[in-house]
Each structure stands twice: as structure tokens, then as C-alpha cells.
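Tertiary structure, described
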Amino acid sequence: MSEHNETTEDQLIEGRRSKHEAVLSSGGYPHRFDRTDLAADLHTRFNDLEPAAVTDERVSVAGRLMLHRSFGKLQFGTLQDVSGTIQLFVDRKTAGRDVAEEFATFDLGDWIGAGGLVMTTKRGELSIKVDELDLLQKSLRPLPDKWHGLHDVEQRSRRRYVDLIVNQEARAVAMTRAKIVSELRDQFCRRGFIEVETPILLHQATGAIARPFVTEHNALDVEMYLRIATELYLKRLVIGGMERVFEIGRIFRNEGIDATHNPEFTMLEAYQAFADFRDIMELIEKVFVGVARAAGGGVDIVYQGRELHLGGPYRRATLTELVSERVGTEVSLDTPVESLRTHARDAGVEYEDDWSAARLLSEIYEEAVEASIWEPTFVTHQPIEVSPLSRRNADDPRLADRFELVIAGSEYANAFSELNDPDDQRARFETQAAAREAGDEAAHPIDEDYLLALEYGLPPTGGLGIGVDRLVMLLTDQAHIREVILFPTLRPEHGAAE
RNA sequence: GGGUCCCUAGCUCAACUGGCAGAGCACCGGGCUUUUAACCCGUUGGUUGUGGGUUCGAGUCCCACGGGACCCA
């Protein structure tokens, strides 16, 4: 058909485009297509069909043409739909010349619809004996290598649609993520939690210790911030009497990008009135078991080549216990700072001279302990200094009734008995504000409106936050967050504007 | 922010210490009635990320820029 045989990308596109234009000038593409079956359903339904069988079952399927094999008068195609693949069998003799010739003009990647009888080949491959074909939409661009697919990590992220077309793994992760999120929602709804939506665009970024994205509202002529947590709004709702609330939402933190951080990520936060942090531990154990099952792997999984057990109960250990284990001797907030400095040094942890015992302990934990925890562990009773929104422990007010759930060396959940004393909360905010004054941009600002709300009374409440992306990584055995986010944040492709 | 490495055909990858840019897939042409990444035969396809420099000669060496990967902070 073409007089020149050039095959740069433009020319590959040109060949497809001329077929496309031929379709347009002869009436165009169908606006819809009646499909009777998904590929996967056909495989289930005709599982028992013996080789070389032809049924009288007429079906129609639709999807993308992924492979094409031609034998002169016989053609085979692999059609991929959302559920999987099914083979198309085109016999010039039975399908007719028109159908056979049309099929031969299709390019890999084209969206097609096909109708015919269900059959199996001599080798037993379930197929459709095609006698009707529709080209639903041409793909003007060639697909990546049919065997190697698309490997380039950057292109897989930038053109996720291509990744999804050619890489089965990418599709599986996306599907599993959807199941996980759906199961999370279900787990909380089933327990009487009400799903809510709180603002993303705020006058103050509160509820966590992180740098926000800044934007502006034109009509109000004010600077605004994208939320860094949903925490304080959800607690306002508990104050309002919505005793159990949760939100699964996008959170934005203006920080670096690495294997476990994307500037926008998904967090689930839930708050339960009349519960404390110990109740929340039990809740999380149940939720994680349910979610692991929904993800299809069960509670005993393998993450990055190593076994991991998500069936509870999980180990509970205080932060000071874990640090004591690490340094080989009993330490606590009462250990002299000198001695903690020595332990820090021995553990290779750098510190500043003005750090308190609390700060030294949490630093040793973060730098020298957390990464070595493998099986799920509730690390409890963080110092108050690093927990500005947590309730104090009744026995030792220097500690928070708080925990982090650590699995495979990273944090999957953060939870606590919520601080509901408005005066203590004000004092904590003021401490944070002082740190902010001293140059710590990420320190928590004072949220006067939240303090006002607290004065109306927050009942004793347990709350939690779960990093959904990391949970998906865990359950899909992915080492990088970009693999579980369909469109991860990237630099603009052709350099930054300006 | 610091360090190391990578960018070659649409895709996946080659090209010894600087010496004629190549293969497989895809595409195009031919053959083939049960293939499974079909196979066989024959073509075609390149501003080696961009811009400079060194050199008789640069994919290869140097500099800058763009994008990416990994490690560290």
C-alpha cells in the first residue's frame, strides 16, 4: 500500500493514520459495541471444553488487539480486555474473505470488537471463531515490544496508560490497590464509622509536622495551603457528635520524592469516640487482616523476598524498651543525658548538644532501631515532645499514649489517644510555635479555631492514620511508591518552565 | 542539598583501550490451514537526550544543560 518502506516513528504512525482516515471517510467508527462476555468469564465458563471443539455458543468480545499471527488463510489474534485475554481465530474459509482481509489490516493496539462461536483449537486454546469484526478505534501509535514490553521506569510512570496496556504487573497492582482501598472503606463502614470529606484548601496547614504547598485564592485575596493531614478537621467532627468518622484522602507534603515518599499521597484517618490507643491497636490488627485477605495474598505474605506475618496480635513494645534492646542496657527518660549521648554515638546516631533525653531517645529509635523491625510491631509511648496532638500517659506525663505500627522497617500507621485538654493543647501548640520561631518551618502552627472547638469538649477519643500507598506497596510486594501510584509526581519532561 | 551511574531505531538491548552505529521485536514485501513471543525468506528504519569543546577522527574523552536511577543528608 505504501510506496516507501520507512519506519521511523512518524512513518509507523503514518501507516496507521491512513487506515484511520479510510475509516473516517467510509462512515467512521461505531459509537458503541454490544459485548456479551469478558475474556476471563469465558475462560471460567468454558474451562472444561476439550481440544478441537466448536460450540454453538455465540459470543461477542471487545478489547485491544495485542498479538497477531498469520498463516496465509488462517489468522490468530490475542484480544485483551479489562479481565484478561482471549484468542481470536479467523479462518478465511468459514469467516469469509471480507472478514479475513479486514482482520489482516488491523494493527497491534487497535480497539476491536469480534463476534463468533466459542471454540477450542487443536492445542486446546479457548478461542472465538470470528465471523464478525468491528474496528472500534485505531491506535495511531505502535505499542512497545510485544515480549519485553516497556521497561523504562520513567516512561512507565509518564505514560502509565502504555504501562497498563503492556505490563500485566502494572494492571495487577492497580487492581489490587482498588481492592485494598475498597476493603479499607468497608472495614470502617462496617464498624459504624461515617465517611466524610474535609477541606483540602486551608488557611493553615495543621495536624502534622510537615511543610505545606502554598497557593492563593484570587477572590479572597489570601494565601492558602494544601492540607498536610485531615486530623484536626476530623476531630472537630467528633466534637460535633459524629462519634466515629473516617476519611480516605489525598494529603500533600512539600518534601522530597524517594522510594517511599510522593508529594501527594493517600492517607486514611479515623477517629473513634470513647476509645483509647489500645482499642485502636486491636482495630488496626483486624483491619490489616481483612485488607491482606482482600489483596489476595492472605495474612502470611512475602515482602521483598522475606516472609512477613500480618495475622495479629502484633508485638507491643515501648519506644524505650526497643532502644534499650538496641543499646544493650536499660534506658529511659530518667537516664542521664550524658549516658544517652554515649549510646547515640555508639549506635552511630548524630545529635545536637541541646537535645533532651526525650529527643535523644526518639532519635536513636528512628535512626538505629526502626529499620531493623521486620514483623509488625506497635511501638508505643513516644515522648510528648514529638507528639503534640497526643494525650499524656496517666503514669508518666512525659510520654504520649501513642503508637506507630512498624512493619518491614517502615511506619504504616500512627495513632494515639487524642489530646482533649484544650489548655494542654494550647501549651503544646505554643511549644511548637517557639520551634517555628527558632526556624523550624515544619513545626506545627497554633490553630486557634481548633482550640476553640476543643473548648466545647472532645470526648475521650482514639485516632489513627494509615499510609494507604505504603500499605499497597506491602501487599503488592512493591519496593517503590511510584509503582502503586498511577500518576506519580515527576519533573516536567522538557525541563522546568522558566 | 551531596555523591555515583544511566540516556543509542517506535520498544528491548549491543558496539574491546576513541577508528565504517548493529541485533531482536514492531513496520513493509513474499511464503505458510491450528499458532501461542508462531515460523521461514527479503527489505526498511539513526541529529547516539541537547548545546559546546578536545581530536585527523567522538556513541565512547572534557564542560554545561535537560531527564532518569540508586545511595547518603
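Treat the numbers as computed from the prediction; the structure is a model and nothing was measured.

The rules we used
Residues numbered from 1 in each chain as written. Chains lettered and ligands numbered in written order. Predicted model: local features only at pLDDT ≥ 70, side-chain atom pairs only at ≥ 80, totals over all residues. Heavy atoms only, no water. Patch = residues over 30% accessible without salt bridge, like charges linked within 9 Å, V, L, I, M, F, W, Y side chains within 5 Å. Areas by Shrake-Rupley, 256 points an atom, 1.4 Å probe, with all protein chains shown as cover. Salt bridge = Lys/Arg side-chain N within 4 Å of Asp/Glu carboxyl O. Lys, Arg positive; Asp, Glu negative; His and termini not counted. Charge placed at Lys NZ, Arg CZ, Asp CG, Glu CD. Helix = DSSP H or I, 4+ residues; strand = E, 2+ residues; numbered from the N terminus. Buried < 20%, exposed > 50% of the residue type's maximum accessible area, 1.4 Å probe, protein only. Pairing = 2+ DSSP bridges. Core = buried A, V, L, I, M, F, W, Y, C linked by side-chain atoms within 4.5 Å. Contact = heavy atoms within 4.5 Å. Arc of directions from axis to C-beta. Polar contact = N/O pair within 3.5 Å; in protein donor to acceptor, adjacent residues only side chain to side chain. Axes fitted to C-alpha atoms, helices over the stretch in contact; angles between N-to-C directions.

Residues Glu350, Glu352, Asp353, Asp354, Glu366 and Glu367 make up a contiguous surface patch of negative charge. Structurally, the position occupied by glutamate 350 is in the loop between helix H11 (337-346) and helix H12 (357-369). Under the relative-accessibility criterion, glutamate 350 is labelled exposed at 72%.

A separate point is the pairing of strand S11 (residues 264-273). Where burial is concerned, most of S11 is hidden: nine out of the 10 residues are buried. Judged from the nine bridges that link them, strand S10 (residues 244-252) and S11 form a sheet pairing that is antiparallel. What sits directly across from isoleucine 248, in S11, is leucine 268. The pairing of S11 with strand S18 (residues 461-467) spans seven bridges and is classified as antiparallel. What sits directly across from methionine 267, in S18, is glycine 467.

This part is about the nonpolar core. Grouped together as the largest cluster of nonpolar side chains are 47 residues, with contacts concentrated most on Phe288 and Leu464. Take this core: its biggest share by element is 10 residues, from helix H9 (residues 277-294). Filtering out sequence-adjacent residues up to four positions away, leucine 464 remains in contact with Phe188, Leu268, Glu269, Ala270, Ile280, Leu283, Ile284, Asn414 and Ala415. Among the nonpolar cores identified, the runner-up in size contains 25 residues, and Tyr29, Leu88, Ala114 and Leu135 belong to it.

Once that is clear, we can look at helix H14 (residues 448-455). Those residues of H14 that sit buried are Tyr450, Leu451, Ala453 and Leu454. For H14, the arc enclosing every buried residue in end-on projection is 160 degrees, short of the 170-degree limit, so these residues lie on one face. Two to three positions downstream of the cap, the backbone nitrogen of aspartate 449 sits 3.3 Å from a side-chain oxygen, assigning the N-cap of H14 to aspartate 447. Looking at the residues trailing H14, positive phi occurs at glycine 457, about 105 degrees.

The subject of this paragraph is the sheet that holds strand S2 (residues 74-81). The mixed closed barrel is built from five strands, whose spatial order is S1-S2-S3-S5-S4. In this sheet, adjacent strand axes meet at a mean angle of 50 degrees when their direction is disregarded. Of the pairings in the sheet, the one linking strand S1 (residues 54-70) to strand S4 (residues 111-120) comprises eight bridges and is antiparallel in character. By the bridge assignment, arginine 58 is partnered in S4 with leucine 117. Taken strand by strand, helix H4 (residues 97-105) contacts S1, S2, strand S3 (84-91), S4 and strand S5 (126-137), and its axis lies near 65 degrees from that of S5.

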